[in-house]
Amino acid sequence: MGYAFVTSACFGCKRLFCYNPIRVPSIRDPATGQREPICQACVNRANPERIKNGLDPIVPAPDAYEAVDEAELP
Ligand SMILES: [Zn+2]
């Protein structure tokens, strides 16, 4: 039993960040149609814009940016 982090570049700001691949919030890349993870800073930046556009704010899970228990991975 162990814990895993996934690290990749944020889709919004391109900075590397660590996250739980199951819980991290993500947005769809219009170019590829793939879900791409975004970091907490980008969530914070996106939310006022989303609310202004009548969308629900993104609320990441409390453990979205923490390690994931290996047992939860597919
Ligand atoms: Zn970001």
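Description of the structure in this document. Since this is a predicted model, take the numbers as computed values, not measurements.

The rules behind each value
- Residues numbered from 1 in each chain as written.
- Predicted model: local features only at pLDDT ≥ 70, side-chain atom pairs only at ≥ 80, totals over all residues.
- Heavy atoms only, no water.
- Donors = N, O, S within 2.8 Å, 3.2 Å for Na, K, Ca; no water.
- Tetrahedral: all angles 85-135°; square planar, octahedral: opposite > 155°, others 65-115°.
- Helix = DSSP H or I, 4+ residues; strand = E, 2+ residues; numbered from the N terminus.
- Buried < 20%, exposed > 50% of the residue type's maximum accessible area, 1.4 Å probe, protein only.
- Core = buried A, V, L, I, M, F, W, Y, C linked by side-chain atoms within 4.5 Å.
- Contact = heavy atoms within 4.5 Å.

## Comments concerning the coordination of the zinc ion
So, point 1. Note on the zinc ion: its protein donors are C10 (SG), C13 (SG), C39 (SG) and C42 (SG). The metal-donor distances range over 2.2 to 2.4 Å.
So, point 2. For the zinc ion, the four donor atoms are set out with angles of 104 to 114° between them, so the coordination reads as tetrahedral.
So, point 3. Donor residues for the zinc ion sit on one chain with the sequence pattern C-x2-C-x25-C-x2-C. Here the residue C10 occupies a position in the loop between β2 (6–9) and β3 (16–19), and C42 occupies one in helix α1 (residues 40–52), the gap between them amounting to 32 residues.
So, point 4. For C42, a relative accessible area of 8% gives the class buried.

## Describing the nonpolar core
So, point 1. Counting 11 residues, the largest nonpolar core is built from C10, F17, Y19, V24, I38, C39, C42, V43, I58, A64 and Y65.
So, point 2. Of all the elements in the fold, those that place two or more residues in this core are β3 and α1.
So, point 3. Setting aside residues up to four positions removed in sequence, C42 forms contacts with C10, G12 and C13.

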